[in-house]
Amino acid sequence: MTTQTQYEFVPANEPHFTLSATLVPDEQRINFWPQHFGNIPQWIILEPTVFAWMDRFCADYSGGIWQFYTLSNCGAFMAPEPDDGSGDKWNLFNSMNGNGADMSPEAAGIAVCLIAYSHHACRTECDAMTEHYYRLRDYALNHAECSAIMHIID
């Protein structure tokens, strides 16, 4: 099963194209991190770091299943599933900037991945990690919940 979410993306001075996210099938999840992040120092800690940011920003988060997504611009991210499978919103609050938002699972995942990617890029000084951050940010800038995502990561 493939799930795609598409948002129109028109960068300045570029031809029009659609940036989309595709759900990674269960049988390909094992390859997700090494395939997309394997050339980045300490890539093995990215997944637990994303979990830690979600735990820090979301009082209701207590672990669970996450979905992996690839982007049509070669980016990648993960997003939590609600515990009950209803698609409910996640309430995130960033105590470092005082901003909070109720967000869809996808938007919450994008927000915490952006924070994790940014911190990992700074810590490792790895250009490839910085590229992953910007690929995901490009998707976030055209997401239906862009404002909420940007408030959380600001």
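Above this text sits the structure in question.
Analysis parameters
- Residues numbered from 1 in each chain as written.
- Predicted model: local features only at pLDDT ≥ 70, side-chain atom pairs only at ≥ 80, totals over all residues.
- Heavy atoms only, no water.
- Helix = DSSP H or I, 4+ residues; strand = E, 2+ residues; numbered from the N terminus.
- Buried < 20%, exposed > 50% of the residue type's maximum accessible area, 1.4 Å probe, protein only.
- Contact = heavy atoms within 4.5 Å.
- Salt bridge = Lys/Arg side-chain N within 4 Å of Asp/Glu carboxyl O.

Caption draft 1: Region of interest: the side chain of histidine 36. Of note, histidine 36 is situated in helix H1 (residues 32-37). Residue histidine 36 is classed as buried on the basis of its relative accessible area of 16%. The residues touching histidine 36, leaving out its near neighbours within four places in the chain, are Thr70, Cys74, Ala76 and His132.

Caption draft 2: Structural detail: the pattern of salt bridges. Throughout the structure, instances matching the rule amount to 2 salt bridges. The salt bridge involving lysine 89 is made with glutamate 145; its shortest N-O contact spans 3.8 Å. Of this pair, lysine 89 sits in the loop between strand E4 (76-80) and strand E5 (90-94) while glutamate 145 is found in the loop between helix H4 (127-141) and helix H5 (146-153), placing the two residues 56 residues apart along the sequence.

Caption draft 3: Just unusual backbone geometry, in detail. A positive phi angle is found at glutamine 42, which is not glycine, with a value near 60°. Structurally, glutamine 42 can be placed in the loop between H1 and helix H2 (46-57). The partly exposed category is assigned to glutamine 42, whose relative accessible area is 46%. The phi dihedral of glutamate 125 is positive, around 55°, even though this residue is not glycine. Of note, glutamate 125 is situated in the loop between helix H3 (105-124) and H4.

Taken by themselves, the reported measurements are silent on function.
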